[in-house]
Amino acid sequence: MKRKGKYYLLAAFAALAVTVCVGGYSAWQYFWGGAVARDAVVLVPTGSDFDRLTDSLRRSGALRNVRKFVRIARIRGLDETVRPGRYKLDAGMTYAALIDRLKQGLQAPVRVTFNNVRTLDRLAGSVGRRLETDSATLARALLSDSTARAYGYAPQTFIGMFIPNTYEMYWNSSADDFIRRMKKESDRFWKKRDAKLARTGLSRDGAMTLASIVYEETKRKDEMPVVAGVYINRLKRGMPLQADPTVKFAVGDFSIKRVLHTHLAVDSPYNTYKYPGLPSGPICMPSIAAIDAVLDYADHDYLYFCAKDDLSGAHNFAKTLSEHNRNAAAYVRALNRLKIK
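Cut-offs applied
- Residues numbered from 1 in each chain as written.
- Predicted model: local features only at pLDDT ≥ 70, side-chain atom pairs only at ≥ 80, totals over all residues.
- Heavy atoms only, no water.
- Helix = DSSP H or I, 4+ residues; strand = E, 2+ residues; numbered from the N terminus.
- Buried < 20%, exposed > 50% of the residue type's maximum accessible area, 1.4 Å probe, protein only.
- Contact = heavy atoms within 4.5 Å.
- Areas by Shrake-Rupley, 256 points an atom, 1.4 Å probe, with all protein chains shown as cover.
- Core = buried A, V, L, I, M, F, W, Y, C linked by side-chain atoms within 4.5 Å.
- Expected span 1.5 Å × (residues − 1).
- Arc of directions from axis to C-beta.
- Axes fitted to C-alpha atoms, helices over the stretch in contact; angles between N-to-C directions.
- Left-handed = near helix turned anticlockwise from the far one by under 90°.
- Polar contact = N/O pair within 3.5 Å; in protein donor to acceptor, adjacent residues only side chain to side chain.
- Nonpolar A, V, L, I, M, F, W, Y, C, P; charged D, E, K, R; others polar.
- Phe/Tyr/Trp six-rings, centres within 6.5 Å; stacked < 30°, edge-to-face > 60°.
- Lys NZ or Arg CZ within 6 Å of the ring centre and 35° of its normal.
- Salt bridge = Lys/Arg side-chain N within 4 Å of Asp/Glu carboxyl O.

## Some remarks on the overall build of the protein
Here's step 1: A tally of regular secondary structure across the protein gives 15 helices and 6 strands.
Here's step 2: In the protein, which comprises 341 residues, the share counted as buried stands at 43%.
Here's step 3: For the protein, long-range pairs separated by at least 24 residues make up 64% of all intrachain contacts whose partners lie at least 6 apart in sequence.
Here's step 4: When the accessible surface of the protein is split by element, carbon and sulfur atoms take 52% of a total near 18100 Å².

## Regarding the nonpolar core
Here's step 1: In this structure, Phe 114, Phe 162 and Phe 178 are the most contacted members of the largest nonpolar core, which totals 59 residues.
Here's step 2: Look past the residues within four positions of Phe 162 in its chain and what remains in contact with it is Phe 114, Leu 120, Leu 123, Leu 142, Phe 178, Met 182 and Met 285.
Here's step 3: Counting 23 residues, the second largest nonpolar core, distinct from the first, contains Val 36, Ile 72, Tyr 87 and Leu 102.

## Concerning helix α15 (residues 321–337)
Here's step 1: In this model, α15 (17 residues) spans 24 Å end to end at C-alpha, consistent with the 24 Å of a helix rising 1.5 Å per residue.
Here's step 2: Looking at α15, one finds that the buried residues are His 324, Asn 327, Ala 330, Ala 334 and Leu 335. In a view along the axis of α15, the buried residues occupy a sector of 140 degrees, so they form one face of it. Exposed and oriented more than 90 degrees from the buried face of α15 are Arg 326 and Arg 337.
Here's step 3: Structurally, α15 contributes buried residues whose contacts are with β5 (304–307) and β6 (315–318).

## Considerations on the side chain of His 324
Here's step 1: Tracing the sequence through the fold places His 324 in helix α15.
Here's step 2: Ignoring sequence-local partners within four residues, the contact set of His 324 consists of Tyr 304, Phe 305, Cys 306 and Ala 318.

## Concerning the packing of helix α5 (residues 120–128) against helix α6 (residues 135–142)
Here's step 1: Running from N to C, α5 and α6 point in directions that differ by 145 degrees, and their axes come no closer than 8 Å. The two elements α5 and α6 cross, and the hand of that crossing is right-handed. Contacts between α5 and α6 involve Leu 120, Leu 123, Ala 124, Gly 125, Val 127 and Gly 128 from the first element and Ser 135, Leu 138, Ala 139 and Leu 142 from the second.

## Some thoughts on the environment of Asp 187
Here's step 1: Summarising the element assignment, Asp 187 is placed in helix α8 (residues 175–191).
Here's step 2: The exposure class of Asp 187 is partly exposed, given its relative accessible area of 32%.
Here's step 3: In sequence terms Asp 187 and Met 161 are 26 residues apart; their C-alpha atoms lie 8.7 Å from each other.
Here's step 4: Within the structure, Asp 187 has its side chain in polar contact with the side chain of Lys 183 (distance 2.8 Å).

## A look at the environment of Thr 218
Here's step 1: Mapped onto the elements, Thr 218 comes out in the loop between α10 (204–217) and α11 (224–237).
Here's step 2: Linking Thr 218 and Ala 314, residues 96 residues apart in sequence, is a C-alpha distance of 7.8 Å.
Here's step 3: Those residues within four positions of Thr 218 in sequence are excluded, and the remaining contacts are Glu 223, Met 224, Val 227, Gly 313 and His 315.
Here's step 4: Here Arg 220 takes part through its backbone nitrogen, which lies 3.0 Å from a polar atom of the side chain of Thr 218.

## Some details on the packing of helix α2 (residues 50–60) against helix α3 (residues 66–75)
Here's step 1: Across the interface, α2 lies against α3 with an axial gap of 11 Å and an inter-helix angle of 145 degrees. The hand of the α2/α3 crossing is right-handed. Where α2 approaches α3, its residues Phe 50, Asp 51, Thr 54, Leu 57 and Arg 58 are matched on the opposing element by Val 66, Phe 69, Val 70, Ala 73 and Arg 74.
Here's step 2: Its residues assigned to classes, the contact of α2 with α3 shows 6 nonpolar, 1 polar and 3 charged.

## A short note on the packing of aromatic side chains
Here's step 1: Applying the stated rule across the entire model yields 13 aromatic pairs.
Here's step 2: Taken together, a centroid distance of 5.9 Å and an interplanar angle of 55 degrees make the contact between Tyr 153 and Phe 158 tilted. The same class applies to Tyr 153 and to Phe 158, which are both buried.
Here's step 3: Taken together, the ring pairs in this structure connect Phe 114, Tyr 151, Tyr 153, Phe 158, Phe 162, Tyr 167 and Phe 178 into an aromatic cluster.
Here's step 4: Positioned above the aromatic ring of Phe 254 is the side chain of Arg 118, whose terminal nitrogen or guanidinium carbon lies 4.0 Å from the ring centre.

## Side note on helix α14 (residues 288–295)
Here's step 1: Those residues of α14 not exposed but buried are Ala 290, Ile 291, Ala 293, Val 294 and Leu 295.
Here's step 2: In this fold, the buried residues of α14 make contact with α8, α9 (194–200), α10 and α11.

## Here's the deal with the pattern of salt bridges
Here's step 1: Taken as a whole and judged by the stated rule, the model has 18 salt bridges.
Here's step 2: The residue Asp 79 makes a salt bridge to Arg 74 at a minimum N-O spacing of 3.4 Å.
Here's step 3: We classify Arg 74 as partly exposed; its relative accessible area is 43%.
Here's step 4: Across the pair Asp 187 and Lys 183 runs a salt bridge whose closest N-O atoms are separated by 2.8 Å. Of this pair, Asp 187 and Lys 183 both sit in helix α8, 4 residues apart, which is roughly one turn of that helix.
Here's step 5: Residues joined by salt bridges that share partners form a network here, namely Asp 39, Lys 88, Asp 90 and Arg 101.

Pasting the structure below:
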């Protein structure tokens, strides 16, 4: 009888162990089972509450069981700590892992790329498509004179603080966050180049302004240092730059094919035919290649250059005005043949 009772007791313990194991496994599966069916990206706007977060997850179509997510999320306190941002959902993530990612605000950054930008409002339009902040809000911040001065720039030179490149940043970065980040990137960029800058005799603003002219003159990287050298030579000699792109900027029309006498007559500090030295600020956002071309400008005796008459986009360089005039006349004849106005 005692032995039989012992067997009953062991059977009871075995049954209890199985129950505990099954229950434990079920609990483990509940929290640590697969929650995400496929890769997805979810945007959680600033000011979102738990209901809006849940709605964003539901609309992504990536969750296996939204109700189960809600129950576990409430148990783990996510309903009290909703952090805005852009979140990557990985296929196979558990409920616990997903909730921890959202609760800790472990965002997936976005890549923000900008180049070929002429004005700050166009920069706002480009960046605003990648971040939560809208283009209008960003434009107001970028075009504010007080913003430029707060970062140590005049309104005319502020565009020179933005170095065209690809940057990783958080989707919910505000306009102020973006501008502060660009200031840090600019400082980092110039810290590596200040030694070369000294060779030019220019300030950072001056180098950016000259680089913007070089960039508008040619997109050929092999020519950029030569073009930069021409302008450096003219600056050193006190000659006006006579840069056509600055006149186009002053007129407000970069589509001009021929700069005419009527264009040269415009009274603007950006008209480098009328006023010597560099204009008030950059006429566009120059490429890094153009900036480096100014810092590594070619050392030569050229004072003039003109587009070649084959209209290839390449240039002829000249040391004397008479030589330049011959090159210019050949270019004009080429335009006339094609009836380009």
